Amino acid sequence: MTTTLRPTEPLQRTADGARSRHYTVCVNSRPVGTLHLATHPVFGPAVAQVLDLYVDGPDRGRGRGTVAALAAEEVARSWDCRRIEATVPADRQELLRLAGALGYVERNRNLAKTLPERPPELPAGSVARRMTEAEFGPWLTRARERYARTVVERGASPQEARAKAERDHLALLPGGIATPDVLISVLEHDARQVGTLWLAQRSDGAYVYDIEVDPGHRGRGHGRTLMLAAEADSLAAGATRIGLNVFAGNTPALRLYTSLGYTPTRHHLYKHLL
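Definitions and limits used
Residues numbered from 1 in each chain as written. Predicted model: local features only at pLDDT ≥ 70, side-chain atom pairs only at ≥ 80, totals over all residues. Heavy atoms only, no water. Buried < 20%, exposed > 50% of the residue type's maximum accessible area, 1.4 Å probe, protein only. Helix = DSSP H or I, 4+ residues; strand = E, 2+ residues; numbered from the N terminus. Pairing = 2+ DSSP bridges. Right-handed = clockwise from strand over helix to strand, strands pointing away. Expected span 1.5 Å × (residues − 1). Arc of directions from axis to C-beta. Contact = heavy atoms within 4.5 Å. Axes fitted to C-alpha atoms, helices over the stretch in contact; angles between N-to-C directions. Parallel < 35°, antiparallel > 145°, perpendicular 65-115°, else oblique. Left-handed = near helix turned anticlockwise from the far one by under 90°. Nonpolar A, V, L, I, M, F, W, Y, C, P; charged D, E, K, R; others polar. Salt bridge = Lys/Arg side-chain N within 4 Å of Asp/Glu carboxyl O.

Moving on, we get to the pairing of strand E12 (residues 241-247). Here E12 lies mainly inside the structure; five of its seven residues are buried. Judged from the seven bridges that link them, strand E7 (residues 105-114) and E12 form a sheet pairing that is antiparallel. Looking at the pairing, Ala 112 lines up with Gly 243 of E12. Each parallel crossover has a hand, and the one from strand E11 (residues 205-213) via helix H5 (residues 222-236) to E12 is right-handed.

Encoded structure:
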């Protein structure tokens, strides 16, 4: 039996080079699923995204998804894409196994946690205060540089990473430190600054955008204290759920979040196209 992709619409193109197309996954012309492929809205037309891949229940476990994913890679190559990406819900283990078998690598994952009813207490000697305007500029520069480095380490070019860091921080902090629903805090321990926290309130709950322990104070539990401060601030703002992102390979952070009760919600994967 032959598995193929059949377009269900003309190729969608925009003036800036973006492309998108929906397909039916067919076996000997019999529809068995769907696939949606598009170029990346952030990284541009050189990067493709599998936005949806679905195979009907009776046809699962027969290699239909594998062939469809490989066919999507060929389409992406014909669009002159050099990388392809996909986001997989954490509860779709079969898709994670498929992506791994096809050579996709995890870039990052999203984690979330239901907040406790009562705010946690910070350890003795630790206090979280709001960042000042004078502290914000230097912090923002460091945060953008750190973020760009992590994006480069996970498949993007330095130019892509710098542009993404600029766009993301501008979009998330349009009003700087005074951006509504944003709290940027400094953690002090025994009157010394030991770390920073960037927390935002979103429609789906609170979200930790950045947490950083100063290099000279790492390994002393301040990362956990920053996360406890994030939970306390989230509860004070009325949130019942908190989420965050962690990059692949950041084992200490992943262990910390897991120990605090965070569980994966989505995995973000990529693969270079040869």
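So, about H5. With 15 residues, H5 extends 21 Å between its outermost C-alpha atoms, agreeing within 8% with the 21 Å of an ideal straight helix rising 1.5 Å per residue. Looking one or two residues past H5, Gly 238 carries a phi angle of roughly 95 degrees, positive in sign.

A few words on helix H2 (residues 93-101). Those residues of H2 that sit buried are Leu 95, Leu 96, Leu 98 and Ala 99. Buried residues in H2, looked at end-on, bunch into an arc of 160 degrees, giving them a common side. When the buried face of H2 is taken as reference, the exposed residues oriented beyond 90 degrees from it are Arg 97 and Ala 101. The elements touched by buried residues of H2 are strand E5 (44-55), helix H1 (64-78), strand E6 (83-89) and strand E13 (263-272).

With that settled, the discussion passes to the packing of H5 against helix H6 (residues 251-259). Running from N to C, H5 and H6 cross one another at 50 degrees; their axes reach a closest spacing of 11 Å. For the element pair H5 / H6, the angle class is oblique. Where H5 crosses over H6, the two elements pack in a sense that is right-handed. On the side of H5, the interface is formed by Gly 223, Arg 224 and Met 227, while H6 contributes Leu 256, Tyr 257 and Ser 259. Here the contact of H5 with H6 is composed, by residue class, of three nonpolar, two polar and one charged.

Before going further, it helps to examine the environment of Gly 219. Positionally, Gly 219 belongs in the loop between E11 and H5. Given a relative accessible area of 86%, Gly 219 falls into the exposed group.

We now examine the pattern of salt bridges. Charged atoms that come close allow side chains of opposite charge to pair. What the rule picks out here adds up to 21 salt bridges. The salt bridge partner of Glu 106 is Arg 109, with a shortest N-O separation of 2.8 Å. A salt bridge links Glu 212 to Arg 146, with the nearest nitrogen and oxygen atoms 3.3 Å apart. With a gap of 66 residues between them, Glu 212 in strand E11 and Arg 146 in helix H3 (residues 133-153) connect regions that are remote in the sequence.

The next subject is unusual backbone geometry. Of note in this structure, Asp 80 is not a glycine but carries a positive phi near 65 degrees. With respect to the helices and strands, the residue Asp 80 is situated in the loop between H1 and E6. For Asp 80, a relative accessible area of 63% puts it in the exposed group. Non-glycine residue Asp 181 carries a positive phi angle of around 65 degrees. Among the secondary structure elements, Asp 181 is positioned in the loop between helix H4 (158-172) and strand E9 (182-189). For Asp 181, a relative accessible area of 54% translates into the label exposed.

Attention shifts here to the packing of H3 against H4. The contact between H3 and H4 brings their axes to 8 Å, and the two run at 135 degrees. Relative to H4, the element H3 lies oblique. In the packing of H3 onto H4, the handedness of the crossing is right-handed. Packed against H3, whose contacting residues are Leu 140, Ala 143, Arg 144, Tyr 147, Ala 148, Val 151 and Val 152, the element H4 presents Pro 158, Ala 161, Arg 162, Lys 164, Ala 165, Glu 166, Asp 168 and His 169 at the interface.

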